[in-house]
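If you want the building blocks of each chain, they are given just below.
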Amino acid sequence: MTGTETMKTTYREAMRAAIRDALQRDDRVFLMGEDVGRYGGCFAVSLGLLDEFGPERIRDTPLSESAFVGAGIGAALAGMRPIVEIMTVNFSLLALDQIMNNAATLLHMSGGQCNVPLVIRMTTGAGRQVAAQHSHSLEGWYTHIPGIKVLAPATLTDARGMLWTALQDPDPVLIFEHGSLYNMHGSLTADAGAVDIRSAAVRRAGADVSLITYGGTLSTTIAAAETLAGDNIDAEVIDLRSLRPLDDKTITDSVAKTHRAVIVDEGWRTGSLAAEISARIMEQAFWDLDAPTERVCGAEVPMPYPRHLEQAALPGADAIVAAVRRAVG
Amino acid sequence: MSRAAAKGAPPEAAHRRDLLRQMLLIRRFEDKCVELYSAGEIRGFVHLYIGEEAVAVGVNEAVTAEDSIVSTYREHGHALARGLPLDSVMAEMYGKTSGCSRGRGGSMHLFDVSRRFYGGNAIVGGGLPLSIGIALADKLRGEQRVTACFFGDGAVAEGEFHECMNLAALWDLPVLFCCENNLYAMGTALERAQAQTDLALRAGSYGMPAWAVDGMDVLAVQHAARGAVEAIRAGGGPHFLELRTYRFRAHSMYDPERYRDKSEVEEWKKRDPVDLLACRMRESDELTDADFQAMGDALTGEIDKAVAAAKAAPAEPVEDLTRFVYSPEPI
Amino acid sequence: MPVLGADMDEGTVLEWLVKPGDEVRKGDVIAVIDTEKSAIEVESFAAGTIKQLAVSVGETVPVGTVLAIIAEPAGERAEPAPAATAAERMPRELARPEPSTPAVPAPRPVSPVIRHRARELGIDLATIGGTGPAGSVTGEDLEHAAARLRPAAAPLPTAASPRPARSPQKPGPGAGRRRVTPLARRLAAELGVDLAAVAGTGPAGAIREADVRLAEPAGKRAAPAAAAAPAARSAAERNQSMRQAIARLMARSKREIPHYYVSNTADMTRVMSWLYDRNRELEVSQRLVPAALLLKAAALAARQVPQLNGYWEDDAFRPAEAVHLGVAVSLRGGGLLTPAIHDAAGLQLGELMSRMRDLVTRARSGRLRSSELTDGTITVTNLGDRGVESVYGVIYPPQVALVGFGRIIERPVVVGGLVGARPVVATTLAADHRATDGYTGSRYLSVLGDLLQRPEEL
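Here the structure is a predicted model, which is why all the values come from computation and not from measurement.

A. Layout of the overall build of chain B. Along its length, chain B carries twelve helices and seven strands. The 331 residues of chain B split such that 53% are buried.

This is the structure in C-alpha cells:
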C-alpha cells in the first residue's frame, strides 16, 4: 500500500499504531501501566504489543499508581522515554504528588538540570454509566500546573500522530483519551505520522459564532453546528488539541471573525478550562464581542449512575444550540 | 572514592582519616547552618544531619560516580559526601545562582545531575518512586549501576514506601534502600507510628535481603553498604539497610523537643559518630589531638570562605523567573 | 534575637542563664526564649566574656535585636552576640528573599536601532530588562514589552506634533471594525445615534457611553439610561456649555470685527535642515519640533510689527508691551481653548516648546489658570497636523490678529530658474481692519517668512 492510500481504522487502532511506531523507532521508549501487557490494555489499546515487544518494554505494573508514575519520572530522568499509562484519570489522583511535585517541578527546581521527557496517557470522561468515581474529566485541573503540557487528541489523525511528537518533547506531556472515542471509525492514510502538538484546529469554518471545545465533546459540538446550520446560523468549530499551552491566536482570530464564543467543556463549570478560555477571550478579544461568552459545561454533581441523569449532567447538543441562540440573540 | 593518603601512613589509616574528615566537614557545615539560620541569613526550612554523619559517609564509600543517589530534605550530609562542592551547596542555602540548583531549591532541593545526585525531596517518601525509576532505566539498558535511595523511618508509613519496595523486588531492580532510622518522624516516635518497629524485618517481607546496621559507626556502615552493593551489582536485586542512628538536634532547626527526653539525647551523644571514629584512631595512634584540631580548623576556614563566596554571589534576576518551567530546547 | 522558626518575627526573653562577667564557650546555652509556639534554649556562637545583657527578662523584641554583648577572649573590643549582627544589618530584606539587583537596571549599552524602535513603540527603555549581552536590550525584549503594553492608548496628538495626526479609531483585529463598548452600543441603539459619526475617547479610540451621549442629535435630551455614571454626565454637560461659549465668542467676533486675510508661503528648507542637525545632538526628550520654530517666529514677527500685537478696545488700538502668544488647543470630544505662552518672543526655543507642551496638557485636562486664558495678545492656530494646507481663522476679540499655519509639505518650487522640491508651509493672517490695513498684514507675513529663513536666530 502506498503512502497516500487510505485505510479504514479506529481511534483505538490509530493509538496502537502510534505506540508501536514509537517502540520500533526509539528503543528508549517503553510502555508501563496496569494491564497493558497480558490483558492487552483496559481499553484494548495495547493488544498484541506484548507478543511483539516483550515484557520488558510492555511492562505490567501492580496497582501502585504513585510508584509506577514516579518510576516513569525516574526513568525519564535517567534518559529513557517512558509511556506511562494510568488506566483512567480517576486513578491518577493517587499519583498526583508525583506528577505535580516531581514531574512538573524538577526542571525548574533544579535550575534547569533535570529534564523529565515523560508521556503519561490517561483515559478520561463519562458517558458509560460507570458512576461517580469513574467518570471524571480532570483535564482542566491538570492545565492549571506549570511545567507540564496537556493534549486532547479528538481525531484519528491526532491519535496516530500526537504521541511521537509528545515523546520527543523534553518536558512531561499528558495525553487525555476520551473513553467514548476508542470505537470511533474513520480512515487514515498509510503514511499518517507525527503531527504538531501546539495548535488548535478549525474543524468546521463558520462566520456567526465560535464553538470552542476539545476531546470527547468535539463530535457533539459538530452535531450542534449542523443543527444550527439548518437555522441559518453558521457555526465555526474549533478543536483545541493542546490544552496547555492553549493556542490563543486561533481562538482570538475566530472570535474576531464571528464576535460570539461558546465554550463546550465536559469538566465541572466552576474553575474549569472553559472559565480560563472565557477569561482569555475577555482579555484579548473584548472589543470583538457582541455578546458575553457562553459556557456549556458538566453539571456540578458527582456523576450519577442512571442513564438519563448522566445525560442531563453532560454537555449535550441541545444545550450547545441553546447557548448559541442566546449568544446570537 | 579514594583520596590522597596521608604521607607515610598505611592505606587503611589514610582511609579512616578521610572518613573522619568527611564526617567532620558535614558536622562543621551543619553547625554553621545553625548560626546562619539564627541570624536570618538562611531562610525557610533547614533539616540538620548532626549525629547522622556516619550514614551518608559510610554508604557513599560503597557507591561509585556511575551510581545514583536519591535523598530527602535532610540531605546536606548526602550532598557533601557525594562530592557536591562546598561552595555550591552553601550558595544554594543562600539562594544564589552559583548554588547547585541555581538558588531555586534551597536546603531541601539540592541537585547535581553531573554527579548523579537527584535531590532533595520535601515530600516524605516522594523520592522512592524516582529511585526505582532510575534503577529501572539502568536495568533496561544493561548497566551495572546501583541507585542508593535514602529515606527516614517516617517514610515507612507512606503508601509509596510499600508500593516501591514491592515493585523493586518484583522487577529485581538494583536499588539500595537506606532507611535512616533516627527513631522519630518529626515529633512522632517510631513506636507510636508502627505496629511492628523492626524495620529490617518489615522490608524483608517484601522479598529482599534486609538487615539492621549500627548507624553511628561509620566503619560498620561502610562494611554493610559495600556488601549490599556488591550483591546488587552481582544481580542480587534490591537490598535494604536499616541504619540505626539519631539526630542530635531538632527535626528542623529549632523545635521545642517535647517529644523526647533530654537524657535520651545525651545518651546517644555518647556515641557521636565523629567522636567514635576519632577515639578509635587516637587509640591506634593514627591521630593526635593536634591533628584533629588542625583538621577542624582547616574545614572551618573552608566553610567560612564558602559563606563569604555565597554572600557575594549574585541572585537570579527576577526576569528569569519563568525560565526552566519548560525546556528551552529539545534534548 | 535569633530566628528560631520560619515564621518567627519576635521573641521574649524568659530566662538568662548567664550574667555579666561569665565566661562562655561556643555552643553554651545562654538564654531561654519564648516564641509563639514554645520556649527554646539558645546558644552562643561566640566564645568570650559576657559584657552586657541588653534585653531584660520578660521583654519582647523583634528578631535581629541585640540580646547580649560578648567580649572576645583577648578582651579588646566588644562584639555583639553574632545571632544579632547579621540580622541587624539586613533584617527585613531577608524576611522576604529578593534579588539584590536594583529595580531599575544600571545603565547599559543601547543601540540606536533599539532606541529608535523603542520610541516607535512608545516604550521607556529604563523600564524593561535586557536579555542580550551585558544585559543590553534586544529587539525581542522590545517586542515582548510592547506586547505587554498592548492595548495601551494610542499616543495623543499634540497641537504641534511633527507626526501626522492619528485618527482616533485604530482598526481592530477585524479589518474596519470599530471599537465600541457593549454599553455604548446599546445606548446608541436606544438613542438612535449613528456610531459611524461618533468620535471615541476610550482606550485606543474606543467609543464609550460618554461619547455616544455627546453625539446625541441636537435638541434631544434623552432620559438618562439606567447605567449612566454621574461623572460621564457632567463631562457631557461641561462640553455642552463650552460649545455655547465658543459659539457666542465666534459669533461676536464675526459680527464686530471686519476681518481681512492675507496669505503667503514660507520656504521651510532652512528650518528643517537646521532642526535635523540640531536634534541629532539632543536627547530624545529635548528634541525640537517645527511648531516651536513657527511659534517663535510668529512671536518675534509680532514684536517687529507691534500694530498686530494688542487689543482693540473703546474704539482704539492699545498695543501690548510683550507678546503673549495664544495657542489654539483643540480638546478631545470637541471644544477649543486658547491659552497663552507669556512673553513668547523672549523665550529660548527649548523653553517655548516645554511651555507649549505644558499648556496643551493642562488645557486638555482642564487645569489652566484663568490668566493663561485671558492674557493672549495675538493668537496662532496651527492646524498643520490636522492635515490642512492653510487656515483662515476667526480672531479672538479683543485681539486684532490671528496667525495661521498649515501643513509643512513638500512642493515643487522654482529656485534659480529650476524646479525643485522644497518643504514649504502656508502662512496666513486674519487681521482686524479697524486696527490695521492690508499693508501691515502683508508686512507681518513678510517678516515672518524672513525669520523662518534664519532658524539659527530664532
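Having seen it, we continue.
B. Layout of the interface of chain A and chain B. Every contact between the two is made by 36 residues of chain A and, on the other side, 34 residues of chain B. Those elements that place two or more of their residues in the side of chain A that touches chain B are α3 (65–77), α5 (96–103) and α6 (106–109) of chain A. Among the elements that line the side of chain A that touches chain B, the one with the most residues is α3(A), at ten residues. Of the residues contributing to the side of chain A that touches chain B, the split by class is 16 nonpolar, 17 polar and three charged.

C. Expanded view of the nonpolar core. Among the nonpolar cores identified, the biggest contains 210 residues, and A:Leu151, A:Val262, B:Ile132 and B:Leu176 are the most heavily contacted of them. At eleven residues, the largest contribution of residues to this core is made by helix α1 (residues 11–38) of chain B. Not counting chain neighbours up to four residues away, the residues in contact with B:Ile132 comprise A:Ala67, A:Ala71, A:Gly74, B:Cys164, B:Leu167, B:Ala168, B:Leu173 and B:Val175. Among the nonpolar cores identified, the runner-up in size contains 59 residues, and C:Met356, C:Leu359, C:Val424 and C:Leu448 belong to it.

D. Representation of the packing of helix α5 (residues 127–140) of chain B against helix α6 (residues 159–170) of chain B in the model. All names here are of chain B. At a minimum axis separation of 9 Å, α5 and α6 run at an interaxial angle of 15 degrees. It follows from the interaxial angle that α5 and α6 lie roughly parallel. The chirality of how α5 crosses α6 is left-handed. Side by side, α5 and α6 meet where Leu128, Pro129 and Ile132 of the first sit next to Glu160, Phe161, Cys164, Leu167 and Ala168 of the second.

E. Fine view of the pairing of strand β5 (residues 48–53) of chain C. All names here are of chain C. In this sheet, β5 lies alongside strand β2 (residues 23–24) in antiparallel orientation, the contact comprising two bridges. By the bridge assignment for β5, glutamate 23 is matched with threonine 49. Of the strand pairs in this sheet, β5 and strand β7 (residues 68–71) are connected by four bridges, and their pairing is antiparallel. Considered in β7, the bridge of threonine 49 is made with alanine 71.

F. Looking closely at the sheet that holds strand β4 (residues 39–43) of chain C. All names here are of chain C. Read across the sheet, four strands follow the order β4-β3-β1-β6 without closing on themselves; strand pairing throughout is antiparallel. The sheet is open, and its two edges are formed by β4 and β6 (60–62), each paired on a single side. In this sheet, neighbouring strand axes are inclined to one another by 40 degrees on average, regardless of whether the strands run parallel or antiparallel. As defined by bridge partners, strand β1 (residues 10–16) adjoins strand β3 (residues 29–34) across four bridges and the pair is classed as antiparallel. By the bridge assignment, valine 13 is partnered in β3 with isoleucine 33.

G. Structural view of the sheet that holds strand β5 (residues 119–124) of chain A. Residues and elements named next belong to chain A. Read across the sheet, seven strands follow the order β3-β2-β4-β5-β7-β6-β12 without closing on themselves; strand pairing throughout is mixed. Since the sheet does not close on itself, it has two edges, and those belong to β3 (58–60) and β12 (242–244), each with one partner. Neighbouring strand axes in the sheet, compared pairwise and without regard to direction, differ in orientation by 25 degrees on average.

The rules behind the values
- Residues numbered from 1 in each chain as written.
- Chains lettered and ligands numbered in written order.
- Predicted model: local features only at pLDDT ≥ 70, side-chain atom pairs only at ≥ 80, totals over all residues.
- Helix = DSSP H or I, 4+ residues; strand = E, 2+ residues; numbered from the N terminus.
- Buried ≥ 20, exposed ≤ 12 C-beta atoms within 10 Å, placed from the backbone.
- Contact = placed C-beta atoms within 7 Å.
- Nonpolar A, V, L, I, M, F, W, Y, C, P; charged D, E, K, R; others polar.
- Core = buried A, V, L, I, M, F, W, Y, C linked by C-beta atoms within 7 Å.
- Axes fitted to C-alpha atoms, helices over the stretch in contact; angles between N-to-C directions.
- Parallel < 35°, antiparallel > 145°, perpendicular 65-115°, else oblique.
- Left-handed = near helix turned anticlockwise from the far one by under 90°.
- Pairing = 2+ DSSP bridges.

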